[in-house]
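So you can see what is in the structure, the chains are spelled out below.
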Amino acid sequence: QCQLNGLWRNDQDSLVEISALRDNGDFQGQYLTRVTLSGGCAQISPLRGAQQQLGEEGWPTFAFTVRWDKFSNATTAFVGQCFVDAGGKETLSTMWLLREAVGSLEEDWKATR
């Protein structure tokens, strides 16, 4: 069975800490990113999310958002699933969508990555 709570490291050497996993699947935590739009030092940003209730396989899907309010006017939504390999190693597989604030509707085309 895969457990979301804990400390996770991604391919870019950023850290995600998921804590306070509630019985209803809600969770919160923090994201320490090494990748910033401004090229500055690592910053901690809050995250909030939800995990589906576990089924028989014990590999939950989940989603969370991160507010990059300390260094960028952007928000990122992550969706993914937690897997366990034959050796017992847990892995989060995710996709993300980042939305950056722009000054006008005409600039909307460049706001999402």
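Calculation notes
Residues numbered from 1 in each chain as written. Predicted model: local features only at pLDDT ≥ 70, side-chain atom pairs only at ≥ 80, totals over all residues. Heavy atoms only, no water. UniProt positions renumbered as here; feature names shortened; annotations may be inferred. Helix = DSSP H or I, 4+ residues; strand = E, 2+ residues; numbered from the N terminus. Buried < 20%, exposed > 50% of the residue type's maximum accessible area, 1.4 Å probe, protein only. Contact = heavy atoms within 4.5 Å.

Under an unreviewed UniProt entry, the protein has the name Avidin and belongs to Irena cyanogastra. Under Subcellular location (unreviewed entry), UniProt gives the following word-for-word description of the protein: "Secreted". What UniProt records for the protein under Sequence similarities (unreviewed entry) is the sentence "Belongs to the avidin/streptavidin family."

Novice: Explain the environment of Thr-94 here, please?
Specialist: Here Thr-94 shows up in strand S7 (residues 90-100). In this structure Thr-94 comes out as partly exposed when scored by relative accessible area, which is 33%. Non-local contacts of Thr-94, meaning those with residues more than four positions away in its chain, are made with Phe-62, Phe-78, Val-79 and Gly-80.

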